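A look at the structure
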Amino acid sequence: MLAESGPYLLDLASKNGVDLRFEASVLGGIPIIRTLYESLAGNRITELIGIMNGTTNFILTKMSEEGLSYQDVLKEAQDLGYAEADPTADVEGLDAARKLAILASISFNRRIFFEDVSVEGITCIDTEDIKFGKEFGYNIKLLGIAKETSQGLSLNVYPAFIPTTHPLASVRGSYNAIYVKGNGIDDVMLYGRGAGSLPTGSSVVSDIMEVAKNVSYNETGRLKPFYYDQKNIYAPGKIQSSYYLRLEVDNKTGVLAKISAKLAEQKISVLSIVQRNMDPETAVLAIVTSKCPRSYILNLIDSFNSLRSVKSVNSVIRIMEA
């Protein structure tokens, strides 16, 4: 409800002089809503990066640490109650996207809704990719990322490799975390339980106590949101990042030269490459590219698929900088 209509509901609450509190709607027991409204109100927030869904973080952690397949870990998550019988909202990134829309509205003072967020889930992540990622020095997480740039607002949820040195890389299991950049505070990270009856209940009770205090002192409706009219969403295809690619190719001389030629055609350079021979006829290439727009990568995949020596492009995963 808040991701679809939050800004309108806040306006309505303000006009009627009543409180609307929703701390528990994002990151469970982590007090991010109040932090953005109050403690960081003196900052211009420029970026949010968060692990906003405990179910997907539990799944990716288990896959990374125990080498289990996505399907096996999903079943375990369902047995433990972390995932619903229909896990679509979690594993397809929809839940994280709704939370990102709520936080971005507050952070950037814009009327941002769920439909404004570009979303990818984790269902295509393979343990083979996670192993290669470790060789390159990365952990994999489902991230919600919101940025305000000179080109506009960038709002995305997708699985990404992040350097093991980044604070978010150590967030394990069902825990959540949010990394906030502001022009005054620079970097701040909040970490804790993102779901569960007690963490969520803690946020709900805190909101009730705050509303009760406001009612007692006749101070309800003090939260008056302000929104700029111009939203200007930056097209996902233009966003630049490095990428990890995994390909199955013919195991013979000259294939790497053809791959390199296609990369050069798209003006993409290679930062790292690893080759594994599957059998005498097939090899796997894991490639880390330089930064480039998403559209370049999509064109590159089309070019690879046109090569007879490329059997398949199995994975394409973004890489977040440290």
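Residues numbered from 1 in each chain as written. Predicted model: local features only at pLDDT ≥ 70, side-chain atom pairs only at ≥ 80, totals over all residues. Heavy atoms only, no water.

All right, on to the packing of aromatic side chains then. For the structure on display, the rule yields 7 aromatic pairs. On the numbers, 5.9 Å between centres and 25° between planes, the contact of Y138 with F161 is stacked. With Y138 in strand β3 (residues 138–149) and F161 in strand β4 (residues 152–163), this residue pair connects regions lying 23 residues apart in the sequence. Here Y138 matches F161 in class, with each residue buried. Judged by centre distance (5.1 Å) and plane angle (80°), the rings of F226 and Y228 are edge-to-face. Using a relative accessible area of 43% as the deciding quantity, one classes Y228 as partly exposed. (Phe/Tyr/Trp six-rings, centres within 6.5 Å; stacked < 30°, edge-to-face > 60°. Helix = DSSP H or I, 4+ residues; strand = E, 2+ residues; numbered from the N terminus. Buried < 20%, exposed > 50% of the residue type's maximum accessible area, 1.4 Å probe, protein only.)

Turning next to the UniProt feature "domain: ACT" (unreviewed entry) in the protein. If you check UniProt for "domain: ACT" (unreviewed entry), the listed places come out as residues 244–318 in our numbering. Counting secondary structure, residues 244–318 comes out at 31% helix and 48% strand; the distance between its end C-alpha atoms is 6 Å. (UniProt positions renumbered as here; feature names shortened; annotations may be inferred.)

Another point: unusual backbone geometry. Not every positive phi belongs to a glycine, and L27 is a case in point at roughly 65°. Secondary-structure assignment places L27 in the loop between α1 (2–15) and α2 (32–39). Accessibility expressed as a relative area gives 0% for L27, which makes it buried. You will see that K267, though not glycine, has its phi angle at about 60°, which is positive. You can see K267 is positioned in the loop between α9 (255–265) and β8 (270–279).

Our next topic: the packing of α9 against helix α10 (residues 294–305). Where α9 contacts α10, the axes come no closer than 10 Å and their chain directions differ by 145°. The way α9 lies across α10 gives a crossing that is right-handed. Contact residues: I259, K262 and L263 in α9; L300, S303 and F304 in α10. A class-by-class count of the residues in the contact of α9 with α10 yields 4 nonpolar, 1 polar and 1 charged. (Axes fitted to C-alpha atoms, helices over the stretch in contact; angles between N-to-C directions. Left-handed = near helix turned anticlockwise from the far one by under 90°. Contact = heavy atoms within 4.5 Å. Nonpolar A, V, L, I, M, F, W, Y, C, P; charged D, E, K, R; others polar.)

In this section: the state of the cysteines. On inspection of all chains with the given rule, the structure shows 0 disulfides. In this model C124 remains outside any disulfide bridge; the closest cysteine sulfur is found in C292, 20 Å from its own. Under the relative-accessibility criterion, C124 is labelled exposed at 67%. Classification of C292 as buried rests on a relative accessible area of 1%. (Disulfide = S-S within 2.5 Å.)

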